[in-house]
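Spelled out, the chains give:
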Amino acid sequence: MDLRSNLHRFLKLYKDGWKVFRDSQLELEHTPQHYLREQMKAMIFFTSSEERQLPYQSVWHILVLIQMSVMFTSMCYGLLESFGDSVEMGRDLAFIVGIFFIIFKMYYFLWYGDALDEVINALEAFHPWARIGPGAVDIRASKRWYFLMSFFLGSFWSFFLCIFLVLLMTSPMWVQQQNLPFHAAFPFQWHDRSTHPTTHAIIYLFQSFIATYGIIWLFCMEGLSVGIYAELTFAIEVLCLELRHLSHRCHGDEEMRLETRRLVRFHQKIIEILDLTNGIFHGTLIMQMAVNFSLVSLSVLEAMEARKDPKVVGQFGVLMLLALGHLSMWSLFGDRLSQESLQVSEAAYEAYDPTKGSKDVYRDLCFIIRRAQDPLIMRASPFPSFNLINYAAILNQCYGILTFVLKTMD
């Protein structure tokens, strides 16, 4: 594919999302996850076996990973120059943690690219989840809402991501002490602008390109990951809606029996996809929790260390808000998944009609009710699930660290 077609492929989510927003009657055949996968394919870094077999794909993957590793190593080397300056060292550590998270996810999905592709294909195959044909429930409003939520959330983050990247890449132009977008060190002082202007310019362009590429890829991967859980939440809503309309849609015992069997398999499929998804993201969810907690703790410590300097406090305050915002997004979607899954048993109970159905129908409904007693969760064992309750616990832990630091410094 050429650059023009890849650009069209990358922007298709925003073009189609705008069309759906302007025309309330327009329906799309694909899930948001399909569009995000297309964006990653346009960036030539979707690491499924099918993509790696395309010409030069594997070579590009290796080249990107080498560049990211070189950048990470040079930043760690540059950290040695910051010893003695707690503010600079804290800023270096924050960027090092962020780059390490990107590299970790890139390497991680070299192994799990096929499994991730399988989940997206499963979501595409079952979307929009509801039965098609006479008596089908109307899910157009919910389907449109979930797609527009993904569209506006992605557009919102894209806008601020562009601002962040512009400020980051141009920071050496308006920060006197900074020579590169990221503090790094290379052999023979190649990063020194005064003694090696040519190599300094090459390193500047290298950091600007690979950091922008990695951050945009991470943005697509994060949107794809959290979007899978949102799509499963939508599937649960569809299941609840179909259960509540069961007695109105089915007019005979045999029809009701076939429909309840279908809904049992529908519920089972949601559980299977969720288990597969939790297995795929097990390592990234653990790393994500560790990275967010590290950034929040680092921000608090650095802000307290330089509490007399409003500029430094503001910088690390923004970093803390970004880390908490990222964690809160995952916690919110995980909480919605769990809360919505608990509605399945209530919907199955409401589907019970003593004037209709047979023992087989009631047995299927009882089976759904029993299986829905335990909420579906976004989790990476042995850590707790991602929900608002555990998010509040993390905030309390951060507050405890802040209180301890304040008492220690006083």
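Residues numbered from 1 in each chain as written. Predicted model: local features only at pLDDT ≥ 70, side-chain atom pairs only at ≥ 80, totals over all residues. Heavy atoms only, no water.

Engineer: What is the right way to look at a nonpolar patch on the surface in this model?
Structural biologist: Among the surface-exposed residues, Phe 156, Trp 157, Phe 159, Phe 160, Ile 163, Leu 167, Met 173, Trp 174, Val 318 and Leu 322 lie close enough to one another that they form a single nonpolar patch of about 1,100 Å² accessible area. Contributing elements (two or more residues each) for the nonpolar patch: helix H6 (140-169), helix H7 (171-174) and helix H12 (310-341). The element best represented in the nonpolar patch is H6, accounting for six residues. Mapped onto the secondary structure, Phe 156 falls in helix H6. A relative accessible area of 46% places Phe 156 in the partly exposed class. (Patch = residues over 30% accessible without salt bridge, like charges linked within 9 Å, V, L, I, M, F, W, Y side chains within 5 Å. Areas by Shrake-Rupley, 256 points an atom, 1.4 Å probe, with all protein chains shown as cover. Salt bridge = Lys/Arg side-chain N within 4 Å of Asp/Glu carboxyl O. Helix = DSSP H or I, 4+ residues; strand = E, 2+ residues; numbered from the N terminus. Buried < 20%, exposed > 50% of the residue type's maximum accessible area, 1.4 Å probe, protein only.)

Engineer: Would you mind showing me how to read the pattern of salt bridges here?
Structural biologist: Two side chains carrying opposite charge are able to pair once their charged atoms lie near each other. For the coordinates displayed, the defined rule picks out 14 salt bridges. Arg 336 is the partner of Glu 237 in a salt bridge, and the nearest nitrogen-oxygen pair spans 3.2 Å. Taken together, the positions of Glu 237 in helix H8 (residues 197-244) and Arg 336 in helix H12 put the pair 99 residues apart, joining distant regions of the chain. Assessed through its relative accessible area of 31%, Arg 336 is described here as partly exposed. Here Glu 259 ties to Arg 262 by a salt bridge, and the two come within 2.6 Å at their closest N and O atoms. With Glu 259 and Arg 262 both in helix H10 (residues 253-280), this residue pair falls three residues apart, about one helical turn. The exposure class of Glu 259 is buried, given its relative accessible area of 3%. By sharing partners, the salt bridges in this structure join Arg 9, Glu 38, Lys 41 and Glu 51 into a single network.

Engineer: So what exactly am I meant to see when it comes to the nonpolar core here?
Structural biologist: The tendency in soluble globular proteins is for nonpolar side chains to be buried as a group. Membership of the largest hydrophobic core comes to 121 residues, with the highest contact counts inside it found for Leu 116, Trp 217 and Leu 243. Per element, the largest residue contribution to this core is 25 residues, and it comes from H8. The residues touching Leu 116, leaving out its near neighbours within four places in the chain, are Phe 46, Phe 109, Met 221, Leu 224, Ile 228, Ile 280 and Phe 281. (Core = buried A, V, L, I, M, F, W, Y, C linked by side-chain atoms within 4.5 Å. Contact = heavy atoms within 4.5 Å.)

Engineer: Just to check I follow, could you spell out helix H14 (residues 359-371) for this structure?
Structural biologist: Quick reminder: α-helices carry 3.6 residues per turn. Residues three or four places apart thus point the same way. Given a rise of 1.5 Å per residue, 13 residues ought to cover 18 Å, and the 18 Å separating the end C-alpha atoms of H14 matches this to within 8%. Residues Val 361, Asp 364, Leu 365 and Ile 368 constitute the buried set of H14. Looking straight down H14, one finds that the buried residues subtend no more than 95° of arc, so they occupy a single side. Exposed side of H14, more than 90 degrees from the buried face: Lys 359 and Arg 370 are the residues found there. On its buried side, H14 packs onto H8, helix H9 (246-249), H10 and helix H13 (343-351). (Expected span 1.5 Å × (residues − 1). Arc of directions from axis to C-beta.)

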